[in-house]
Amino acid sequence: MSNKNVVVCVSWPYANNNLHLGYIASSLSGDILARFHRMDGDRVLMISGSDSHGTKPSIKAKAQGCSPKEIVDVYHKNFVEALNAFDFSFDRFGITYEDYHKEHCKEIFKKLYDNGYLYEKTIKRPFCPTCNKFVADTEVEITCPVCGSRTKADNCDCGYVPNEQDLENATCLICGSKTEQRESKVLVFKLTAFKDFLTKHLEDNKKYWRANSINETLKYLKDLRDRDFSRDLDWGVEIPVPGFEDKVVWVWWEALLGYLTGSMKVSEEKGFDWQDFWKTDHDTDKEKLIYMCHAKDNIVFHSLFLPAMLEGLHENFVIPNRMVSAEYLLMNDQKISKSKNGNTFEALRWAKEYNTDTLRFFFTINGPEKKDTNFTLELYTNTHNEIVNKFGNLVNRTLKYKGLTNLPEGKINPEIKALVEETYKNVKDAILNIEFKKAGNFIMDLIEQGNKFFDEQKPWVQAKENIDEFNNTIFTCAYLIANLSNLTEPFMPKTAKKIREILNLNETPTWNPINVTPGIELNITEPLFTRI
């Protein structure tokens, strides 16, 4: 029986270019969490998908003489292939142009309108006289008033979300002309109505939020303003409000609801009630966790915009209570960008050329968990070869010991057994506290202790002088390795599966210490890893 109902929401990559390693690094936390909670007996939904709407696909489609959907489909295919290569275990990876998503979004937007949280307003918006149209935030460039860099006007890499005053003197990215401010009727979300609620929600849950989530959310709350809800585009989710038939919902509002619509869809497919995960008055004996896993430039959308929408429905929604916001993965001290770095850091390219498990582990222990982190091939190679030298060596020297064809029967060293049990607890605590680097280091510490034990016991001497002690050493190390297949499952799933196959272990790992069976054939035909 499951202990908790858990939704792991992983940010939706924008379908305007191939997936890059920055997304893998910032989103890996989601897969670690989902795999761990499944192993720990919880019921889990891991949800994401391709963010298909907005201006960028429309601009590319116009340039290439095709539809936005055709552009999006190309990149969605790349996303799915790359994420599968990195073993992301999504329960659903959808796409926002699907009718199911759009129709459920429109139902939600209508409820928000009926509840008084959407209102009409005439404001000044950027109008491009050359293109002869109102242009969206992502179609204009401004100077960020916080960091001073040139940025698209939807949100800056520094985390600042521009307001309508910031859009004066914006430059049209379609034609390069300077825009004018002209009056336009827009639909606005009454975000300020939720200031007290959002402040209390942060205070109640900040123990489980990353520091950057807390700081950015507090900063935004100090100057909280209502936000535009509509956009002058023809590619997106239609607005179910009379008088707005020629506009669509701002992509951020509807993409955030993909976590909910994705949960609905996969629940239908699996035959259970999505409300068990998302409503406080359903399955009331279970604790409900909703993780938001994203990069730091998306913080306020997940910590403020989505919670406000859910609360505004007045339907007893569980409000996302775990904010897992990553810093940036850098190349030469600059944020990795699909537009700036080309295919140098394309995720699929790296998946094909290198070991995805050791890449995952690199991002676990060296990734942008609490600060921006530089990434180079040299740094990754060092980590990979350290794993080869320590983890690979322990497995090979134990299970490929010269002349050993079957696992001997022996006694497990009590100190190693206690250390294994302690590592389960330490790694679990670190994961639940969203400290994945610490969790990875606990695992590496256990591997080092395994190698130290092997060296101290000197099985090459024991094999000649005391076969019982030799058997105890090999059996103890095999026990430790078997449990490493559980402990590494959230971080290095391919490696964990290889160990299960070698030791004939249960196909479905759990977060509990396991034993090995004496006498099994040790059919290890190749090293666990190869050096770079």
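Residues numbered from 1 in each chain as written. Predicted model: local features only at pLDDT ≥ 70, side-chain atom pairs only at ≥ 80, totals over all residues. Heavy atoms only, no water.

(A) The arrangement of the overall build of the protein chain in detail. Check the secondary structure of the protein chain and you find 19 helices and 17 strands. Computed over C-alpha atoms, the radius of gyration of the protein chain comes to 26 Å, within 12% of the 24 Å expected from 2.2 N^0.38 for 532 residues, which places it in the range of a compact globule. For the protein chain, the C-alpha atoms occupy an extent of roughly 90 × 50 × 40 Å along the three principal directions. By residue count, 59% of the 532 residues in the protein chain fall in the buried class. Summing over all exposed atoms, the protein chain offers an accessible surface of approximately 21,900 Å²; the carbon and sulfur share of this is 46%. When the 68 positive and 76 negative side-chain charges of the protein chain are each reduced to one mean point, those points stand 3 Å apart. (Helix = DSSP H or I, 4+ residues; strand = E, 2+ residues; numbered from the N terminus. Rg over C-alpha atoms; globule rule 2.2 N^0.38 Å. Buried < 20%, exposed > 50% of the residue type's maximum accessible area, 1.4 Å probe, protein only. Areas by Shrake-Rupley, 256 points an atom, 1.4 Å probe, with all protein chains shown as cover. Lys, Arg positive; Asp, Glu negative; His and termini not counted. Charge placed at Lys NZ, Arg CZ, Asp CG, Glu CD.)

(B) Molecular detail of the sheet that holds strand E7 (residues 150-152). Strands sit in the order E7-E6-E8 across an open sheet of 3 strands; the sheet is antiparallel. Of all strands in the sheet, those with a lone pairing partner are E7 and strand E8 (171-172), marking the two edges. Relative to E8, strand E6 (residues 140-143) runs antiparallel, the two sharing 2 bridges. Each bridged residue has a counterpart across the sheet, and for Val140 the counterpart in E8 is Cys172. (Pairing = 2+ DSSP bridges.)

(C) Broad picture of the nonpolar core. One finds Val8, Leu21, Phe375, Phe391 and Leu503 to be the most contacted residues of the largest nonpolar core, which totals 98 residues. Broken down by element, the residue count for this core peaks at 11 residues, all from helix H18 (residues 467-487). Leaving out residues up to four positions away in the same chain, Phe375 has contacts with Leu21, Leu329, Leu330, Met331, Phe345, Trp350, Leu359, Phe362, Phe363 and Tyr380. Formed by 58 residues, the second largest nonpolar core is a distinct cluster that contains Tyr117, Leu198, Leu313 and Val318. (Core = buried A, V, L, I, M, F, W, Y, C linked by side-chain atoms within 4.5 Å. Contact = heavy atoms within 4.5 Å.)

(D) Seen up close, helix H3 (residues 68-85). Taking 1.5 Å per residue as the helical rise, H3 with its 18 residues ought to reach 26 Å, and the 26 Å between its terminal C-alpha atoms agrees with that figure. Every buried residue of H3 is listed here: Pro68, Ile71, Val72, Tyr75, His76, Asn78, Phe79, Ala82 and Leu83. All buried residues of H3 lie within an arc of 165° about the axis, which places them on one face of the element. Seen from the buried face of H3, the exposed residues on the opposite side, beyond 90 degrees, are Val74, Lys77 and Asn84. (Expected span 1.5 Å × (residues − 1). Arc of directions from axis to C-beta.)

(E) Layout of the pairing of strand E4 (residues 118-128). In this sheet, strand E9 (residues 180-189) lies alongside E4 in antiparallel orientation, the contact comprising 10 bridges. Residue Thr122 lies in a different strand from E9, and its bridge partner there is Lys185. Sheet topology places E4 next to strand E5 (residues 133-134); 2 bridges connect them, and they run antiparallel. From the neighbouring strand, Cys128 faces E5, where its bridge partner is Lys133.

(F) Geometry of unusual backbone geometry. A positive phi angle, near 60°, is found at Asp87, a position not held by glycine. A positive phi angle, close to 50°, is found at Lys458, a residue other than glycine. Here Lys458 lies in the loop between helix H16 (436-457) and helix H17 (459-465). You can call Lys458 partly exposed: its relative accessible area is 43%.

(G) Up close: the pairing of strand E13 (residues 287-295). Among the 9 residues of E13, 8 are classified as buried, and the element is accordingly described as predominantly covered. Pairing between strand E1 (residues 4-10) and E13: 7 bridges, direction parallel. Counted as the bridge partner of Val10 is Cys293 from E13. Bridge count for E13 against strand E14 (residues 322-326) is 5 bridges, and the pairing is parallel. Residue pairing in the sheet places Ala295 in a bridge with Ala326 of E14. Note that the unit made of E13, helix H10 (residues 299-312) and E14 has a crossover that is right-handed. (Right-handed = clockwise from strand over helix to strand, strands pointing away.)

(H) View of the sheet that holds strand E16 (residues 334-335). Judged by pairing direction, the sheet is mixed, and its 3 strands sit side by side in the order E16-E15-E17 without closing on themselves. What marks the edges here is a single partner per strand, and that holds for E16 and strand E17 (373-374). Both strand E15 (residues 329-331) and E17 contribute to a ladder of 2 bridges, which runs parallel. Its bridge partner lying in E17, Leu330 is registered against Asn374.

(I) Spotlight on the packing of aromatic side chains. Scanning the model with the defined rule gives 36 aromatic pairs in all. Taking the centre distance of 4.7 Å and the plane angle of 40° together, the rings of Tyr117 and Phe194 count as tilted. Within this pair, whereas Tyr117 is found in the loop between helix H4 (99-114) and E4, its partner Phe194 is found in the loop between E9 and helix H5 (195-205), the two being separated by 77 residues in sequence. Exposure remark for Tyr117: the relative accessible area of 15% places this residue in the buried category. Judged by its relative accessible area of 3%, Phe194 is buried. Taking the centre distance of 5.1 Å and the plane angle of 65° together, the rings of Trp350 and Phe375 count as edge-to-face. You can see Trp350 sitting in helix H12 (residues 347-353) and its partner Phe375 sitting in the loop between E17 and helix H14 (377-399), a full 25 residues away along the chain. A single burial state applies to Trp350 and to Phe375, both of which are buried. Three or more aromatic residues joined by ring pairs form one cluster here, namely Phe109, Tyr117, Phe189, Phe194, Tyr220, Phe229, Trp250, Trp252, Trp253, Phe301 and Phe305. (Phe/Tyr/Trp six-rings, centres within 6.5 Å; stacked < 30°, edge-to-face > 60°.)

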